[in-house]
Amino acid sequence: MIKRLSILSLGALLLAGLASPSVARAERKNSLDGVPAVRHRLLLVKKRFEATGAFESSINSDFKNTLGGGLKLEVHASDLLSFGAIGIFGTSFNTGLTDKIVGTLPENDPSPNPDADPTPTKREFNAHLNSIPLHGAAYVGVTPWYGKLAAFGKFFVNFDFYFQGGLAFAQLKSDCSNDICNDNNPTGGMDSGGNVILPDNNPNDDPVLNSGFRAGLYFGGGIHVFVSDAVALDLTVRDYMFSDNPSGLDFNADLAVTDDDNRFLNHLFMGVGVSVLLPTKIKRTP
Amino acid sequence: MRRFNTLLFRMAFLSLLVASLTLALSAAYSPMVHAQDDDDDPEMTFDEDEASGDEGMVMEDDAEESAEPEPDEEPEPEAAVDPDGDSTSGALPAANTEEVSWQDIVVVVRKPFLKVSRVELMPSWGITMNDNIIQHVQFSGALNYYLTDVLAVGIEGQYYIKSLREPFDLVARQARRLPTVNKYNFGAAMNFHYVPIYGKFAVLDENVVHWETALTAGVGFTQSEVLPRDPALQPFKNTLITPNVGASMRFFLSRFLTVNVGIRDYVFVDKFEAVSRMEANGDIAKEQADSSLVNNIMFQAGVSFWFPMSFEYTTFR
């Protein structure tokens, strides 16, 4: 009897111990461990097609600013990964620096020896500058961050941050007429009669070498602000990197305009656009 | 032997009594333990405003450790079902039904960071964004006091280090022109800050980061100094009244540490060396200087340390 009572009491103590609050507290487990950080999330980009009317402006260009508009098309293969392309047609205008320089340049070369003064004329300087009438990129995008924000405590919108990397292209344009760029042997050479032609050491009349198609690298980053399930405001900074010589004049101080004056440059643009995402109906995560 | 048996019997009886009492107490106090847990949870609140506007998603930290009252002990609420279908408790609310449960209540997190009556000490670094001749690296420090959670007043000081950029040499070499350039030495300002935008985002669906956007406006001064085109000529310095406006993003890392990035426009009318300067004396050259409006736009990044280093919630939840 005593033995049975003892066993019973020991069992009861064990049971009481297991059921005590302190032990329960110690074993408390967060039921959300291992689950995604966000539940019931609107899948705003996953398996959707994005078409964006985009506008861009160059940032901090040296001689010519570029302002343009175009189209961005992007397929979001998943919530994280996307593939896209962008093309922008642009128009160019002088920076403040260019206007200041041109304002102080002479109208004409010195006479009778135009090579006596290495200062370019207004026409020579302007004719060597290039513009970017078309540029764009093909890229792979990742969208690692997404969230929501409240503006003034009243307006709640979803947003995401994205980053892009890929290949850039650009069509550069410069227009130097024959009456300006008339030095066919900037670095010297031989004429058809076998006579030696000495370089004139005046890069201002050398042909421009900063036009044509260029390919390079592209990096970008931006934010989608979703004003509805199907429409988003797209704010971006893009860097198109390719070989260029924006001034079109001698860069490496060899007193001639050659291909060596081109260098791999960053072309920074700030963009704003309106994105339409299809299909318009979206899903939620569990 | 008999006395030993009696002792053993008493001990067994006593232990049985203790066990029974323990079981009874544990059963009786279980709800209180839950309630205590809930009270200790600093991350939870009911926020009707945000809940009603929350259409997109529910973050884990919103739902984390959400209080789910015992359905057997508490009456079911009579609240309407969220028409957008959001829920933080893990179960989707039943659509088109009158039945509601505690699971339908949207539980959202308190603001994880309070700023009211706190001081922000912010060392930061900046760089010129809009000058292709001269670039300044800015080292600055700011001290802000938050009157409310969204409004602050503060002071800042800046120190600049200059570097001449590629076009400075190009213009001289290609166009045979020496650019007229001023460098900035230092500055200070008194600023107001307003925080209109608050948000949070998930990084790779794992971590939730809270952030906000602040607008800044203020006024102060900047000292600029002419870099003479001819080194034989004396430089001169200008003290310029400098209004500034800006916007910045703040990411909350802990209760006393944030990371900030932003853009600031320091606006002033600077005095430059006259194009036709022949005067060697700096003071006379300053009288003949050309004036021009300058927007010195800087990208800034920094960290903020907040004092007191912690805070307490005072509002009801």
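The notes below deal with the structure included here.

Conventions used here
Residues numbered from 1 in each chain as written. Chains lettered and ligands numbered in written order. Predicted model: local features only at pLDDT ≥ 70, side-chain atom pairs only at ≥ 80, totals over all residues. Heavy atoms only, no water. Helix = DSSP H or I, 4+ residues; strand = E, 2+ residues; numbered from the N terminus. Contact = heavy atoms within 4.5 Å. Areas by Shrake-Rupley, 256 points an atom, 1.4 Å probe, with all protein chains shown as cover. Core = buried A, V, L, I, M, F, W, Y, C linked by side-chain atoms within 4.5 Å. Buried < 20%, exposed > 50% of the residue type's maximum accessible area, 1.4 Å probe, protein only. Salt bridge = Lys/Arg side-chain N within 4 Å of Asp/Glu carboxyl O. Patch = residues over 30% accessible without salt bridge, like charges linked within 9 Å, V, L, I, M, F, W, Y side chains within 5 Å. Phe/Tyr/Trp six-rings, centres within 6.5 Å; stacked < 30°, edge-to-face > 60°. Polar contact = N/O pair within 3.5 Å; in protein donor to acceptor, adjacent residues only side chain to side chain.

Our focus in this paragraph is the overall build of chain A. Scanning chain A from terminus to terminus reveals four helices and eleven strands. Long-range pairs, those at least 24 residues apart, make up 71% of the contacts in chain A with a sequence separation of at least 6. Put simply, chain A shows about 14100 Å² of open surface, and 64% of that area lies on carbon and sulfur atoms.

Grouped together as the largest cluster of nonpolar side chains are 14 residues, with contacts concentrated most on A:Phe63, A:Leu97, A:Ile101 and A:Phe125. At the level of secondary structure, the elements contributing two or more residues to this core comprise helix 3 (96–104) of chain A together with helix 4 (166–174) of chain B. For this core, the leading source of residues is helix 3 of chain A, giving three residues. Judged by nonpolar contacts, the second largest core, of 13 residues, contains A:Ala54, A:Tyr139, A:Ala170 and A:Phe242.

Turning our eyes to something else, we now look at the pattern of salt bridges. With the rule as written, the count across this model stands at 14 salt bridges over all chains. A salt bridge links A:Glu50 to A:Lys72; its shortest N-O distance comes to 3.6 Å. With a gap of 22 residues between them, A:Glu50 in strand 2 (residues 48–58) and A:Lys72 in strand 3 (residues 64–76) connect regions that are remote in the sequence. For A:Glu50, a relative accessible area of 0% corresponds to the buried category. For the salt bridge of B:Glu212 with B:Arg250, the shortest nitrogen-to-oxygen distance reads 2.4 Å. Placement of B:Glu212 in strand 6 (residues 207–227) and of B:Arg250 in strand 7 (residues 237–252) is noted, with a sequence separation of 38 residues between them. Of the two residues examined, B:Glu212 and B:Arg250, each falls in the buried class.

It is worth spelling out a nonpolar patch on the surface at this point. All names here are of chain B. Together, Leu121, Leu143, Ile155, Met190, Phe192, Phe256, Phe305, Phe307 and Met309 line one region of the surface with nonpolar side chains, adding up to about 810 Å² of accessible area. Of all the elements in the fold, those that place two or more residues in the nonpolar patch are strand 5 (181–203) and strand 9 (290–307). Inspection of the secondary structure puts Phe192 in strand 5. Residue classification places Phe192 among the partly exposed residues on the basis of a relative accessible area of 46%.

Inspection of the entire model under this criterion finds 22 aromatic pairs over all chains. Aromatic pair A:Phe159 and B:Phe201: ring centres 6.3 Å apart, planes at 80°, arrangement edge-to-face. Here A:Phe159 is found in strand 6 (residues 155–173), whereas its partner B:Phe201 is found in strand 5 on a different chain. Residue A:Phe159 is classed as buried on the basis of its relative accessible area of 1%. Assessed through its relative accessible area of 2%, B:Phe201 is described here as buried. Here the aromatic residues A:Trp145, A:Phe159, A:Phe161, A:Phe163, B:Phe201, B:Trp211 and B:Phe251 are joined through ring pairs into a cluster of three or more.

Omega for the bond connecting A:Leu278 with A:Pro279 falls within 30 degrees of zero, at -5°, which places this linkage in the cis form. Position of A:Pro279 relative to the elements: it lies in the segment after strand 11 (263–278). Following B:Phe307, the chain continues to B:Pro308 via a peptide bond in cis, the omega torsion being -5°. Take B:Pro308: it is sitting in the segment after strand 9. Residue A:Asn60 is not a glycine yet carries a positive backbone phi of 60°. Among the secondary structure elements, A:Asn60 is positioned in the loop between strand 2 and strand 3. In this structure, B:Ser117 takes a positive phi of about 60° despite not being glycine. The residue B:Ser117 is located in the loop between helix 3 (60–63) and strand 2 (119–128) in this model. B:Ser117 gets classed as partly exposed once you look at its relative accessible area, which sits at 45%.

Residue and element names in this part refer to chain B. Among the structural elements, Asn238 can be located in strand 7. By relative accessible area, which is 2% here, Asn238 ends up buried. When residues no more than four places from it in sequence are discounted, the contact partners of Asn238 are Asn182, Thr222, Gln223, Ser224, Asp270, Lys271 and Lys286. At a separation of 3.4 Å, a polar atom in the side chain of Asn238 contacts the side chain of Asp270.

Turning next to the side chain of A:Thr52. Residues and elements named next belong to chain A. Relative to the assigned elements, Thr52 resides in strand 2. A relative accessible area of 0% places Thr52 in the buried class. A polar contact is formed between the side chain of Thr52 and the side chain of Ser275, at a distance of 2.6 Å. Apart from the residues within four sequence positions on either side, Thr52 is in contact with Gly70, Leu71, Lys72, Asp234, Gly273, Val274 and Ser275.

Attention shifts here to the environment of B:Ser304. Residues and elements named next belong to chain B. Of note, Ser304 is situated in strand 9. Residue Ser304 is classed as buried on the basis of its relative accessible area of 0%. Along the chain, Ser304 and Ala142 lie 162 residues apart, while their C-alpha atoms are 9.0 Å from each other. With near-sequence residues (within four places) excluded, Ser304 lies in contact with Glu120, Leu121, Met122, Phe256, Leu257, Thr258 and Asn260.

Geometric descriptors of this kind do not, in isolation, establish any biological role.
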